[in-house]
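Take a look at the letters that make up each chain.
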Amino acid sequence: MSEKKLPVSDERMLSLANELGTPFHLYDEKAILDNARNFQKLFSWAPEFVNFFAIKACPNPSIISRLAKLGFGGDCSSLPELYMAKACGIPGEKIMFTSNDTPDEEFAEAYRLGAILNLDDITHIKAVKRACGKLPKTLCFRYNPGPDRTGNAIIGNPVEAKYGVTKDQLLDCYRIAKEEGVEHFGLHTMVASNELEGSYIVETARQLFTLVVKIHNELGIDIEFIDLGGGIGIPYRLEQEKMDLEFVSNEIHKLYDEMISSIGLSLKITFECGRMVTGPYGYLVSRVRHVTHKYKDYVGLDACMSDLMRPALYGAYHHITVVGKEGKAHDHKYDVTGSLCENNDKFAVDRMLPEIERGDVLVLHDTGAHGYAMGFNYNAKLKHAEYLLLENGDVKLIRRAETYDDYVATLRFEGAEVKI
């Protein structure tokens, strides 16, 4: 069983809701950094271990820069993410640029910034050469195992995925790259998303180690690092257990000794986890606007799916705390909804909660990854503010809420800059 606790007392949370205005995201600095340090400690046996934090999970420089100071890298998929990683103090050699259908100008800029290019297709070798004039000295390829792996329930069947180099293409990728002057090589795969079973990650390591040996034996190329991707999940539901990362680390260590060290090879171990780093330590704080009784009972919040779209998009579960009422019986069944003109704008369906009244404060848990980041402006909804709960207990604004002027800033019409 996982615990779902607020990062502050009920009284403090109510005070923050009154003081800051809802909705807003709140992140727990101490919990994030303690979790990040623990991740690094568990894999400290691995040569030059680094986690390329997935910028897409929580693209806020106040958080990314704190992780960078611990030695985290950045996993980027676009030019703005590259710029953000560099601005947060992450050096080029700790930036992994993994993208698909990539424009030439983004390859060129990633090359200029010194990022590691992780190519998604064999044709991208020519694309990089065209964009950059030559291939970089270091190159990585994303591997799609196809029928050799089933994929987990979320990420789907690798055979159906648009990502990665096929098994038949992989050796040709490294052969061509070596002939073009590449000197340092990496190998990457991503076959899971929000996975809680640790053995799945261990098997991914076994798969990549096997390929490292194959590439060494057949091409004489020594892979210098493997990227095991992200995909380590978090327990969104109370009945779920978090992944046993100590087990994962120990088992990968055993495989490393058996398959890599035993034949005289050495390589760095990296991940690109985002969700498991920040996800459990973000909270969407909202207030009840209406409680209505139709064919069902509805709790209408001042947040909506533009603030957290995972439930509407994936049917994802997020635990809900009714602040100050957790000790009361959860004997009322509600759909918890937002205010968009979309019937699937629901945070929860048929959720058992304490009796809720207008003005109550509700907190949605585990929104620290792919929460604010997936926000949008449909219905001209303005994005909310983000705050960081500092280790000393203070609360710091790390992204202000959007205004109407922000919303129309890129438009061109008479009166666009005037607030209505």
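Structure shown above.
First, a word on what this report is: a plain description of the structure on this page. (Residues numbered from 1 in each chain as written. Predicted model: local features only at pLDDT ≥ 70, side-chain atom pairs only at ≥ 80, totals over all residues. Heavy atoms only, no water.)

Roughly 640 Å³ of internal volume is contained in the second largest pocket. Lining the second largest pocket are 25 residues; nearest its centre among them are Asn 35, Pro 235, Lys 242, Pro 280 and Tyr 281. With four residues, helix H2 (residues 29–42) is the largest single contributor of residues to the lining of the second largest pocket. (1 Å grid on protein atoms, 1.4 Å probe; cavity = no way out; pocket = protein on both sides within 12 Å on 5 of 7 lines; lining within 4 Å. Points joined across faces, edges and corners; volume = space filled by probe spheres on them. Helix = DSSP H or I, 4+ residues; strand = E, 2+ residues; numbered from the N terminus.)

For an α-helix the count is 3.6 residues per turn, leaving residues at separations of three or four pointing the same way. Among all positions in helix H5 (residues 104–112), only Glu 106, Phe 107, Glu 109 and Ala 110 are buried. Within H5, the buried residues cover an arc of 165° as seen down the axis, which keeps them to one side. Opposite its buried face, H5 presents the exposed residues Glu 105 and Arg 112, each directed more than 90 degrees away. Check the buried side of H5 and you find it contacts helix H4 (79–87), strand S4 (95–98), strand S5 (116–119) and helix H6 (124–132). Phi turns positive, to about 80°, at Gly 114, one or two residues after H5. (Buried < 20%, exposed > 50% of the residue type's maximum accessible area, 1.4 Å probe, protein only. Arc of directions from axis to C-beta. Contact = heavy atoms within 4.5 Å.)

Taken as a whole and assessed by the stated rule, the structure comprises 13 aromatic pairs. Judged by centre distance (5.7 Å) and plane angle (85°), the ring pair of Phe 39 and Phe 43 falls under edge-to-face. Of the two residues, Phe 39 and Phe 43, both sit in the buried class. Look at Phe 49 and Phe 271: their rings are 6.1 Å apart centre to centre, the planes differ by 65°, and that puts the pair in the edge-to-face class. Separated by 222 residues along the polypeptide, Phe 49 in the loop between H2 and strand S2 (50–54) and Phe 271 in strand S9 (residues 268–271) bring together distant segments of the chain. Of the aromatic side chains, those joined through ring pairs into one cluster are Phe 39, Phe 43, Trp 45, Phe 49, Phe 209, Tyr 256 and Phe 271. (Phe/Tyr/Trp six-rings, centres within 6.5 Å; stacked < 30°, edge-to-face > 60°.)

The next thing to look at is empty space enclosed by the protein. Under the counting rule described, the total for this entry stands at one cavity of 30 Å³ or more. Size it by volume and the largest cavity reaches roughly 40 Å³. Lining the largest cavity are Glu 29, Ile 32, Leu 33, Ile 63, Arg 66, Leu 67 and Leu 388. When residues of the lining of the largest cavity are traced back to their parent elements, those giving at least two are H2 and helix H3 (61–69). In the lining of the largest cavity, the residues fall into five nonpolar, no polar and two charged. (Nonpolar A, V, L, I, M, F, W, Y, C, P; charged D, E, K, R; others polar.)

Contact geometry for helix H8 (residues 198–219) and helix H9 (residues 245–260): axes closest at 9 Å, N-to-C directions at 20°. For the element pair H8 / H9, the angle class is roughly parallel. Two packed elements cross with a definite hand, and for H8 against H9 that hand is right-handed. Contacts between H8 and H9 involve Gly 198, Ser 199, Ile 201, Val 202, Ala 205, Arg 206, Phe 209, Thr 210, Val 212 and Val 213 from the first element and Phe 247, Val 248, Glu 251, Ile 252, Leu 255, Tyr 256, Met 259 and Ile 260 from the second. Its residues placed into classes, the contact of H8 with H9 shows 13 nonpolar, three polar and two charged. (Axes fitted to C-alpha atoms, helices over the stretch in contact; angles between N-to-C directions. Parallel < 35°, antiparallel > 145°, perpendicular 65-115°, else oblique. Left-handed = near helix turned anticlockwise from the far one by under 90°.)

With that out of the way, let us pick up the nonpolar core. One broad rule of soluble globular proteins: the nonpolar side chains tend to lie buried together. Phe 141, Tyr 174, Leu 187, Phe 209, Ile 226, Ile 252 and Phe 271 are the most contacted members of the largest nonpolar core, which has 86 residues in total. Looking at which element gives the most residues to this core, the answer is H8, with ten residues. Here Phe 271 is in contact with Phe 39, Phe 43, Phe 49, Val 50, Asn 51, Phe 52, Ile 201, Asp 227, Leu 228, Gly 229, Ile 232 and Ile 252, once residues within four sequence places are set aside. Counting 16 residues, the second largest nonpolar core, distinct from the first, contains Val 299, Val 336, Ala 348 and Leu 362. (Core = buried A, V, L, I, M, F, W, Y, C linked by side-chain atoms within 4.5 Å.)

With an omega of -5°, the peptide bond between Thr 22 and Pro 23 qualifies as cis. Mapping Pro 23 onto the fold places it in the loop between helix H1 (10–20) and strand S1 (24–28). The phi torsion at Asp 101 lies on the positive side, around 50°, for a residue other than glycine. Position of Asp 101 relative to the elements: it lies in the loop between S4 and H5. The exposed category is assigned to Asp 101, whose relative accessible area is 67%. Phi angles above zero are rare outside glycine, and Asp 350 is one such case at about 55°. In this fold, Asp 350 is placed in strand S14 (residues 346–353).

Let us now look at the pattern of salt bridges. One pass over the structure, following the stated rule, counts 22 salt bridges. Here Arg 112 and Glu 109 are joined by a salt bridge, their closest N and O atoms 2.7 Å apart. Note that Arg 112 and Glu 109 are positioned in helix H5 at a spacing of three residues, about one turn of the helix. The class for Arg 112 is exposed, based on a relative accessible area of 56%. In this structure Glu 109 comes out as buried when scored by relative accessible area, which is 14%. Close ionic contact of Asp 360 with Lys 325 constitutes a salt bridge, the shortest N to O distance being 2.7 Å. Of the two residues, Asp 360 sits in the loop between S14 and strand S15 (361–364) while Lys 325 sits in the loop between strand S12 (320–322) and strand S13 (332–337), which places them 35 residues apart along the sequence. The exposure class of Asp 360 is buried, given its relative accessible area of 12%. Residue Lys 325 is classed as buried on the basis of its relative accessible area, which comes to 8%. (Salt bridge = Lys/Arg side-chain N within 4 Å of Asp/Glu carboxyl O.)

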